Amino acid sequence: MSNSSLLQRSLDAVWHPCTQMKQHAAAVEALPLVPIARGEGVWLYDFDGRRYLDGISSWWVNLFGHCNPRINAALRAQLDELEHVILAGFTHRPVVELSERLSALTDGALGHCFYASDGASATEIALKMSFHSWQNRGFQDKQEFLCLAGSYHGETVGALAVTDVALFKDAYAPLIRPAATVPTPDARLAAAGESSTAVARRAAAALERHLERHHRRIAALIVEPLIQCASGMAMYDPEYLRLAREVCDRFQVHLICDEIAVGCGRTGTFFAHEQAAIRPDFLCLSKGISGGYLPLSIVMTTAAVYADFYHESTSRGFLHSHSYTGNALACRAALATLDLFADEQVIENNRLLAAHLGDCLRPLSAHPQVRHLRQRGMIAAFDVSSDDPAFPQRFYRAALAREILLRPIGNTIYFMPPYVISREECELLVARAAAALDAALG
Ligand SMILES: *Cc1c(COP(=O)(O)O)cnc(C)c1O
């Protein structure tokens, strides 16, 4: 196998995600696909032995490196026991153990786990469960949802209703029944001298005004706790979550925390919402939960919501399903991932690693075109002031030429490496990103 033969076959047969295929096909030289032969730790290798440091954890899914020996071993063992079994009417050990351990991580507050395969499905499950639970309780008018400006909760038609990213949404507008949006607590919106806490309070006050007027029709507010990742790593103060929880309780509106990107230790605590000392009514997990190995998503909810469906009548039940619900291999990968957290003091080690990443990045804040250098845990980002519409792609290519995989969102450059990155690799990542920045701007 060679790089070039695989590349052409991929262009002929694979429709790649989030991609205008003509940008590859018309100018294979301009934006080449990158064929990957194997991975190890933070590194990806092509067929010619070129390597790339995976600075974005392969779209935010990989926590403990590629081909992690412990997750590999767990999957090999599971392969010889059970690969998959229908979860309606049947059950198996990995799905039971995973549900129990996740529930324990919420101190039992979210004791019921519902399974699917991808993040967008988890969003849709949380929306459907919230709506249906209010219906079962006799709140017939609660048929609408609320999301934050700049939110991202997935791209299926139902999830797009609560996603506020024009590039993904506008083409499908006629198909979508959009949710209302309330202001984002994005700390970059601070006026001169205003703190991030004050921005959070301002946004929470707007939420309160909206719910005062519309709560009778609203089933749930859905948020990405602490960081709105897909719309450009917009970070905000935990105060917003604390206040949102209070306001939602007061107006009988569910709070859905979509921790698909920010869960599993990314922000410095296992769940991001812990930093606001709250619990949501629904918690969506995916991406990192299987260590980046297999598609798996989970919606966790409370005993109160579960009770709304528990009834003699079949139609009062939650009759939602996916073929691969609770896949045994994916659950086993997730258990191995949780074992790594438990055995290797990951949260504590990440604190030191995140501080080092921050130290490496700090000099960049003096760069004349760098704005809003920010970080929470193992996610760091800055915005680049440039009018060049080709800047993001120029940066992406300049980074690849320096063995670095970073994929800007518009003019936001972000770092979201696997937790197994070493201090030296952090230094290399940032130094080469800085060189790529100057090359792309120059
Ligand atoms: C990635 C993501 C999703 C969608 O997950 P998919 O598996 O890509 O469908 C939903 N919400 C958030 C916050 C995400 O980052």
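The structure displayed is predicted, hence computed values, not measured ones.

Engineer: Hey, could you run me through the sheet that holds strand β13 (residues 370–376) in this one?
Structural biologist: In any sheet, the strands associate via hydrogen bonds between backbone groups, in a parallel or an antiparallel arrangement. Reading across the sheet, the 3 strands line up as β13-β14-β16 and stay open at both edges, with antiparallel pairing between neighbours. Unpaired on one side and paired on the other, β13 and β16 (412–415) mark the two borders of the sheet. Pairs of neighbouring strands in the sheet enclose a mean axial angle of 15°, with direction left out of account. Across 4 bridges, strand β14 (residues 379–384) lies against β16 in antiparallel orientation. Bridge assignment links Asp383 to a residue of β16, and that residue is Thr412. Contacting β13, β14 and β16, helix α13 (residues 346–361) crosses the sheet at an angle of about 170° to β13.

Engineer: I keep staring at the site of the ligand and nothing clicks. Help me out?
Structural biologist: All residues in the neighbourhood of the ligand are listed as Trp60, Asp118, Gly119, Ala120, Tyr152, His153, Gly154, Glu224, Asp258, Ile260, Ala261 and Lys287. Here an oxygen atom of the ligand and a backbone polar atom of Ala120 are 2.8 Å apart.

Engineer: What should I look at first to understand the nonpolar core in this one?
Structural biologist: The tendency in soluble globular proteins is for nonpolar side chains to be buried side by side. The biggest cluster of nonpolar side chains holds 115 residues, and the ones touching the most others in it are Leu98, Tyr240, Ile298 and Phe395. Of the residues forming this core, the biggest block, 10 residues, is contributed by helix α12 (residues 328–343). Shared between two domains, this core takes at least three residues from each, and those domains are domain 2 (42–67 + 346–441) and domain 3 (70–343). Look past the residues within four positions of Phe395 in its chain and what remains in contact with it is Leu406, Pro408, Ile413, Ala433, Ala436, Leu437 and Ala440. With 23 residues, the next largest nonpolar core counts Ala116, Ala179, Ile222 and Phe282 among its residues.

Engineer: Before we go on, may I ask you to explain the layout of surface pockets in this structure?
Structural biologist: Vacant regions in the atomic arrangement are exposed by a probe of water-molecule size rolled over the atoms. Considering only enclosed or pocket space, the second largest pocket measures out at about 770 Å³ in volume. Together, 28 residues line the second largest pocket, and Leu87, Cys113, Phe114, Tyr306 and Phe318 are the ones closest to its centre. Counting only elements with at least two residues in the lining of the second largest pocket, the list comes to α5 (93–105), β4 (112–116) and α11 (303–309). When residues of the lining of the second largest pocket are assigned to their parent elements, the largest contribution, 4 residues, is made by β4. For the lining of the second largest pocket, the class distribution of residues is 14 nonpolar, 13 polar and 1 charged.

Engineer: Whenever I open this one, the domain arrangement of the chain confuses me. Can you help?
Structural biologist: Size of an interface, as often reported, equals the accessible area lost when the parts are brought together. Under the domain assignment, the chain is made up of domain 1 (1–35), domain 2 (42–67 + 346–441) and domain 3 (70–343). Each of domain 1 and domain 2 has a C-alpha centre, and these two points are 23 Å apart. With 12 residues of domain 1 in contact, the opposing surface of domain 2 contributes 11 residues. In terms of surface lost to domain 2, no three residues of domain 1 exceed Asn3, Leu31 and Val34, which account for 47% of the buried area on that side. At the surface where domain 1 touches domain 2, the tally comes to 0 salt bridges.

Engineer: Just to check I follow, could you spell out the pairing of strand β5 (residues 144–148) for this structure?
Structural biologist: It is a general feature of regular strands that their side chains alternate between the two faces of the sheet. The buried fraction of β5 amounts to 4 of the 5 residues, a majority that puts the element mostly inside the structure. Two elements, β5 and strand β7 (residues 218–223), share 4 bridges in a ladder whose sense is parallel. In the strand pairing of β7, Glu144 is matched with Ile218. By the bridge criterion, 3 bridges tie β5 to strand β6 (residues 180–182) in an arrangement that is parallel. Paired with Leu148 across the two strands is Val182, which belongs to β6.

Engineer: In this structure, what is going on with empty space enclosed by the protein? I would like to understand it.
Structural biologist: One pass over the full model with this rule turns up 1 cavity of 30 Å³ or more. Trp60, Leu63, Ile260, Ala261, Gly263, Cys264, Arg266, Ser286, Lys287 and Gly288 are the residues that line the largest cavity. A class-by-class count of the residues in the lining of the largest cavity yields 5 nonpolar, 3 polar and 2 charged.

Engineer: Sorry, what's going on with the pattern of salt bridges here?
Structural biologist: As a working rule, side chains carrying opposite charge can pair if their charged atoms are close by. Within the structure shown, the criterion is met by 23 salt bridges. Linking Asp308 and Arg137 is a salt bridge whose minimum nitrogen-to-oxygen distance equals 2.7 Å. Placement of the pair is Asp308 in helix α11 and Arg137 in helix α6 (residues 119–137), with a sequence separation of 171 residues. Note that Asp359 is salt-bridged to Arg362, the shortest N-O span being 2.9 Å. Judged by its relative accessible area of 43%, Asp359 falls in the partly exposed class. For Arg362, a relative accessible area of 48% corresponds to the partly exposed category.

Engineer: Looking at this structure, I do not really get the environment of His273. What am I missing?
Structural biologist: With respect to the helices, strands and loops of the structure, His273 is situated in the loop between β10 (254–258) and β11 (282–285). Assessed through its relative accessible area of 0%, His273 is described here as buried. Between the C-alpha atoms of His273 and Pro225, which are 48 residues apart in sequence, the distance is 5.9 Å. If we ignore the near neighbours within four places in the chain, the residues touching His273 are Pro225, Leu241, Cys257, Glu259, Ile278, Arg279, Pro280 and Leu283.

Rules used in this analysis
Residues numbered from 1 in each chain as written. Predicted model: local features only at pLDDT ≥ 70, side-chain atom pairs only at ≥ 80, totals over all residues. Heavy atoms only, no water. Pairing = 2+ DSSP bridges. Helix = DSSP H or I, 4+ residues; strand = E, 2+ residues; numbered from the N terminus. Axes fitted to C-alpha atoms, helices over the stretch in contact; angles between N-to-C directions. Contact = heavy atoms within 4.5 Å. Near = heavy atom within 4 Å. Polar contact = N/O pair within 3.5 Å; in protein donor to acceptor, adjacent residues only side chain to side chain. Core = buried A, V, L, I, M, F, W, Y, C linked by side-chain atoms within 4.5 Å. Buried < 20%, exposed > 50% of the residue type's maximum accessible area, 1.4 Å probe, protein only. Domains from an automatic or database assignment. 1 Å grid on protein atoms, 1.4 Å probe; cavity = no way out; pocket = protein on both sides within 12 Å on 5 of 7 lines; lining within 4 Å. Points joined across faces, edges and corners; volume = space filled by probe spheres on them. Nonpolar A, V, L, I, M, F, W, Y, C, P; charged D, E, K, R; others polar. Buried area = accessible area lost by both parts, 1.4 Å probe. Salt bridge = Lys/Arg side-chain N within 4 Å of Asp/Glu carboxyl O.

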